[in-house]
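Inside the fold
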Amino acid sequence: MSLPAELLAEIERAFPADFLSVEPADLAAYGRDWTRIHPPAPGAIAFPRTTDEVSRLLALCARHRAPVVPSGGRTGLAAGAVAARGELVLSMGRMRRMDPVDEDGLTVRVQAGAVTEAVHHHVRPLGLSWPVDFASKGSSQVGGNIATNAGGVRVIRYGLTRQWVLGLEVVLASGAVLELNGALEKNNTGFDLRQLFIGSEGTLGVITEATLKLARLPTRTDVFLFAVPDLAGVLRLFRAARRGPFALAAFELFTDRCLARVQRHRSLRNPLGTPATHYVLVEAEAGEPDALEAWVASLLEEGLATDGTLAQSAAQAAELWALREGISESLTATGFPHKNDIALPVAGLEAFCGELEAEFGREYPGWEICLFGHIGDGNLHVNVMKPDDLTIEAFKDRTAAADRHLFALVRRHRGSISAEHGIGLLKKPYLAYSRAPEELTLLRAIKQTLDPLGILNPGKILD
Ligand SMILES: Cc1cc2nc3c(=O)[nH]c(=O)nc-3n(C[C@H](O)[C@H](O)[C@H](O)COP(=O)(O)OP(=O)(O)OC[C@H]3O[C@@H](n4cnc5c(N)ncnc54)[C@H](O)[C@@H]3O)c2cc1C
């Protein structure tokens, strides 16, 4: 498939000279996301600066029935921003304006291309945060975060991106511009259309601006790392953390295999002297130092942790976080991982994990499984590393077959096959494990209503 030459000529006439690129380096870079599985092959890349440009571009594309892939920081892990079939990539990279913070309403309006971490830096001097936070924040964009309803490391305390978006400006496939909810906290005037676009992965509209809700930065945070003997022990520790003398801001698990890969890739040191198979990073807000110390002593006394350390400075806290946040990148840098991102009801984690271990023992005897995740909110990242003696093709066949067993197990335990990364191209074949046929019919009807020509991110989430 290639873009009509007439469309490209019209774009060149109607927009600034630097608006469109067909440079091979741009096509290669903007045609793929972090998954790097599908060879990139977009037809061209457009770089709008304003909502009006996005609107006029989509109206033109609709007239030519040209497929468009909305593109943010391309850190997605579901191949949602991949353009592998001659599509026009609509990059939001130049739309990065951030307005002054409204300190009474605790909101800030930004263009969708604003980088997540840039928003953090913009609001921090006022003692505020936009609590959407994860390892890719230095590249991911607000529009991508909203389009994937991203989760991250503090969901247990602050919830998903959805909770932190007040208003959206969205351009539909026709070019029509919708302003949804503005900066209103309260607005009960029928269906909340804003929520429809949050998590829609660029298939229903292009998010061009957002009014973000802000939180006060916590006055005090403490970061601990614990060594734990096994997965059941991790869940016991979680129960103790839920009842701890603080507000639980993060409860992150990783195994010794993940740690070994991070240490190899980033040359980081393990601050704990006692080796263990499982590690847990806990971030606590607003805990009194004496109460925290007593809590840690009780964990060690009761054998809930075999070792532990409390960061004594912001730099040490960052070092502990680096062990956890470096995992995703390190797995890719040191091997070829097959990734799954599943969610279970927290109460069902223990039973699920028991069956998962047995299932994976059968499916992948002797293989390296790297397990980590935001386990406090029921989210597990289950990564299988390709053995050196297997070709990539054979590995993919094997993992595709095993995924069906995994997802059947997830369904039996009333979980989700995609906790936070989305569906994109990667998980599309498995969507029916998590959504009922009646729901799928409804999703298709919504897509048909908003994008009757099927030009927005075609083939993503649904066929
Ligand atoms: C190291 C690493 C760690 C990560 N950790 C987490 C984590 O803890 N939690 C988590 O949830 N995710 C995580 N991710 C995944 C990813 O960073 C998030 O999904 C992020 O929100 C994607 O943002 P992006 O701007 O890079 O989007 P992209 O990858 O560019 O796009 C993602 C999807 O959104 C669509 N899209 C992008 N911008 C727009 C727009 N303006 N309008 C409409 N549609 C749009 C795209 O078409 C695509 O379908 C991680 C990724 C990496 C590489």
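What you see is a predicted model; the values in this text were computed from it and never measured. (Residues numbered from 1 in each chain as written. Predicted model: local features only at pLDDT ≥ 70, side-chain atom pairs only at ≥ 80, totals over all residues. Heavy atoms only, no water.)

Considering the domain arrangement of the protein chain
Partitioning the protein chain into structural domains gives domain 1 (5-94), domain 2 (107-216), domain 3 (221-328) and domain 4 (335-421). Computed over C-alpha atoms only, the centres of domain 1 and domain 3 are separated by 42 Å. (Domains from an automatic or database assignment.)

Re the environment of asparagine 340
Residue placement: asparagine 340 occurs in strand 15 (residues 337-343). Using a relative accessible area of 4% as the deciding quantity, one classes asparagine 340 as buried. Separated by 111 residues in sequence, asparagine 340 and proline 229 place their C-alpha atoms 24 Å apart. Apart from the residues lying within four places of it in its own chain, the contact partners of asparagine 340 are Leu380, His381, Val382, Asp403, Leu406, Phe407 and Lys427. (Helix = DSSP H or I, 4+ residues; strand = E, 2+ residues; numbered from the N terminus. Buried < 20%, exposed > 50% of the residue type's maximum accessible area, 1.4 Å probe, protein only. Contact = heavy atoms within 4.5 Å.)

Some words on the layout of surface pockets
A water-sized probe rolled over the atoms picks out the places where empty space is left. Estimated volume of the second largest pocket: approximately 860 Å³. Gly199, Glu201, Arg435, Leu443 and Ile461 are, among the 39 residues lining the second largest pocket, the residues nearest its centre. Mapped by element, the contributors of at least two residues to the lining of the second largest pocket are helix 7 (193-197) and helix 15 (437-450). When residues in the lining of the second largest pocket are grouped by element, the largest group, 5 residues, is from helix 15. Of the domains in this structure, domain 2 (107-216) and domain 4 (335-421) are the two that each give at least three residues to the lining of the second largest pocket. (1 Å grid on protein atoms, 1.4 Å probe; cavity = no way out; pocket = protein on both sides within 12 Å on 5 of 7 lines; lining within 4 Å. Points joined across faces, edges and corners; volume = space filled by probe spheres on them.)

A short note on the sheet that holds strand 1 (residues 20-21)
Overall, mixed pairing links the 4 strands, which are arranged 1-2-4-3 in an open sheet. Every interior strand has two partners, whereas the edge strands, strand 1 and strand 3 (68-71), have only one. When strand 2 (residues 44-46) meets strand 4 (residues 88-91), the two strands line up parallel, connected through 3 bridges. Across the sheet, the residue bridging to alanine 44 is leucine 88, located in strand 4. Along the sheet, helix 3 (residues 51-64) makes contact with strand 2, strand 3 and strand 4, crossing strand 4 at roughly 170°. (Pairing = 2+ DSSP bridges. Axes fitted to C-alpha atoms, helices over the stretch in contact; angles between N-to-C directions.)

Topic: the site of the ligand
Taken together, 36 residues are adjacent to the ligand, and Pro70, Gly73, Thr75, Gly76 and Ser136 come closest. Arginine 74 has a polar backbone atom sitting 2.8 Å from an oxygen atom of the ligand. Residue glutamate 420 places a side-chain N or O atom 3.0 Å away from a nitrogen atom belonging to the ligand. In the complex, 97% of the free accessible area of the ligand, which totals 970 Å², lies under the protein chains. Of all the secondary structure elements, the ones that give two or more residues to the shell around the ligand are strand 3, helix 5 (142-147) and strand 9 (206-213). Looking at which element gives the most residues to the shell around the ligand, the answer is helix 5, with 4 residues. Of the residues in the shell around the ligand, the class split is 12 nonpolar, 21 polar and 3 charged. (Near = heavy atom within 4 Å. Polar contact = N/O pair within 3.5 Å; in protein donor to acceptor, adjacent residues only side chain to side chain. Areas by Shrake-Rupley, 256 points an atom, 1.4 Å probe, with all protein chains shown as cover. Nonpolar A, V, L, I, M, F, W, Y, C, P; charged D, E, K, R; others polar.)

A short note on the environment of proline 337
Within the secondary structure layout, proline 337 lies in strand 15. For proline 337, a relative accessible area of 16% translates into the label buried. Sequence separation between proline 337 and lysine 386 is 49 residues; the distance between their C-alpha atoms is 6.1 Å. When neighbours within four sequence positions are excluded, proline 337 is seen to be in contact with Leu331, Thr332, Asn383, Val384, Met385 and Phe395.

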